[in-house]
Amino acid sequence: PASSIPLFHYILPGRNTIGKAAGQVDICLASKACSKVHACIELRHETYLLSDLGSTNGTAFGEFPGTASTKLASEEEMEVVDGQLILIGDVECSLALTEGGIV
């Protein structure tokens, strides 16, 4: 992984963009393997949807860290759930829901 420092971001209702272009995305990752606007997580009707936004190095998901992952096609949406592994380029993340549903 690009970083082993734990980072925490709230996922707000609607579309939350992820990438390395500070000021252009909602969640900024400091990794050369991330595209400027790489992916997004959208909270829609209490469902979290992950999609790749045409990134160079891809977006993937898996069951949990250390397991095999599946790469998303550009613009493909996939539901992600609590504790699920998310790979944004070379950055490993996971969705962590609190009791109130805020991540």
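Here is a short report on the structure shown in this document.

The rules behind these values
- Residues numbered from 1 in each chain as written.
- Predicted model: local features only at pLDDT ≥ 70, side-chain atom pairs only at ≥ 80, totals over all residues.
- Heavy atoms only, no water.
- Salt bridge = Lys/Arg side-chain N within 4 Å of Asp/Glu carboxyl O.
- Helix = DSSP H or I, 4+ residues; strand = E, 2+ residues; numbered from the N terminus.
- Pairing = 2+ DSSP bridges.
- Axes fitted to C-alpha atoms, helices over the stretch in contact; angles between N-to-C directions.

Turning to the pattern of salt bridges, a few remarks are in order. Following the criterion strictly, the structure yields two salt bridges and no others. Close ionic contact of Glu42 with Arg44 constitutes a salt bridge, the shortest N to O distance being 3.2 Å. Among the salt bridges present, the one from Arg44 reaches Glu77, with a minimum N-O distance of 2.7 Å. Here Glu77 lies in strand 7 (residues 77-80) and Arg44 lies in strand 3 (residues 39-44), a separation of 33 residues in the sequence. Via salt bridges that share partners, Glu42, Arg44 and Glu77 belong to a single interconnected network.

Bringing the environment of Gly83 into the picture now. Positionally, Gly83 belongs in the loop between strand 7 and strand 8 (85-88). Residues Gly83 and Cys93, ten residues apart in the sequence, show an inter-C-alpha distance of 9.3 Å.

Turning our eyes to something else, we now look at the sheet that holds strand 7. Within the open sheet, the five strands sit side by side as 2-1-3-4-7. Their pairing is mixed. Each edge of the open sheet is held by one strand with a lone partner, namely strand 2 (27-28) and strand 7. Where strand 1 (residues 14-19) and strand 3 come together, five bridges link them in antiparallel fashion. Following the sheet pairing, Arg15 is matched in strand 3 by Glu42.

With that out of the way, let us pick up the sheet that holds strand 6 (residues 69-71). Judged by pairing direction, the sheet is antiparallel, and its four strands sit side by side in the order 6-5-8-9 without closing on themselves. A single partner strand is all that each edge strand has here, and the edge strands are strand 6 and strand 9 (91-94). Taken pair by pair, the neighbouring strands of this sheet meet at an average axis angle of 25°, ignoring direction. With four bridges connecting them, strand 8 and strand 9 associate as antiparallel partners. Within the sheet, the bridge partner assigned to Leu87 lies in strand 9 and is Glu92.

Relative to the assigned elements, Thr70 resides in strand 6. Sequence-wise, Thr70 and Thr59 are eleven residues apart; in three dimensions their C-alpha atoms are separated by 8.5 Å.

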